[in-house]
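Inside the fold
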Amino acid sequence: EVQLQASGGGLVQAGGFLRLSCAASGFTFDDYAVGWFRQAPGKERGGVSCLSSSDGTTYYADSVRGRFTISRDNAKNTVYLQMSSLKPEDTAVYYCATGVSSLATLCLSMDYWGKGTLVTVSS
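The following refers to the structure shown. (Residues numbered from 1 in each chain as written. Predicted model: local features only at pLDDT ≥ 70, side-chain atom pairs only at ≥ 80, totals over all residues. Heavy atoms only, no water.)

So, the environment of Arg-45
As for its position among the elements, Arg-45 is in the loop between strand S4 (33–39) and strand S5 (46–51). Under the relative-accessibility criterion, Arg-45 is labelled partly exposed at 39%. Residues in contact with Arg-45, not counting those within four places in the same chain, are Phe-37, Arg-38, Gln-39, Tyr-95 and Trp-113. (Helix = DSSP H or I, 4+ residues; strand = E, 2+ residues; numbered from the N terminus. Buried < 20%, exposed > 50% of the residue type's maximum accessible area, 1.4 Å probe, protein only. Contact = heavy atoms within 4.5 Å.)

Encoded structure:
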């Protein structure tokens, strides 16, 4: 079955950095767009950043643009989210997701979801 396992979360001070990883299995990884979403307490899950399967098209939420960078290594079936200049408002559970539709590149329509990893940013 399709599996997406996020890792790399933890506690970091404001202004710091983390790199999240998502290991994928059970599907043809390089045919799918991939992305990161987050859900903070009391809020709905929203798209953070998504990346196309092959042509480099990206989406970034305005709140993270210039601070976060998404990348993928198709040979390793892994997607990454480099997070810098972290702010307390970045605190959330971060989920990786994937989708075959072109809409997935824009974080608008994902097909499969991982379980997430917690990022806590202290002030």
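Still to come is the rest of the account.
Comments concerning a nonpolar patch on the surface
Together, Leu-103, Leu-106 and Leu-108 make up an exposed nonpolar region whose accessible area comes to about 290 Å². Here Leu-106 shows up in the loop between strand S9 (92–99) and strand S10 (112–113). (Patch = residues over 30% accessible without salt bridge, like charges linked within 9 Å, V, L, I, M, F, W, Y side chains within 5 Å. Areas by Shrake-Rupley, 256 points an atom, 1.4 Å probe, with all protein chains shown as cover. Salt bridge = Lys/Arg side-chain N within 4 Å of Asp/Glu carboxyl O.)

Describing the pattern of salt bridges
Evaluated as defined, the whole model comprises 2 salt bridges. Between Arg-38 and Asp-90 there is a salt bridge whose closest N-O contact spans 2.9 Å. Taken together, the positions of Arg-38 in strand S4 and Asp-90 in the loop between strand S8 (78–83) and S9 put the pair 52 residues apart, joining distant regions of the chain. Asp-90 carries the same exposure label as Arg-38, and that label is buried. One salt bridge connects Asp-90 with Arg-67, and the closest N-O pair in it is separated by 2.8 Å. With Asp-90 in the loop between S8 and S9 and Arg-67 in the loop between strand S6 (58–60) and strand S7 (68–73), this residue pair connects regions lying 23 residues apart in the sequence. Comparing Asp-90 with Arg-67 shows no difference in burial state: the two are buried. In this structure, a network of salt bridges that share partners links the residues Arg-38, Arg-67 and Asp-90.

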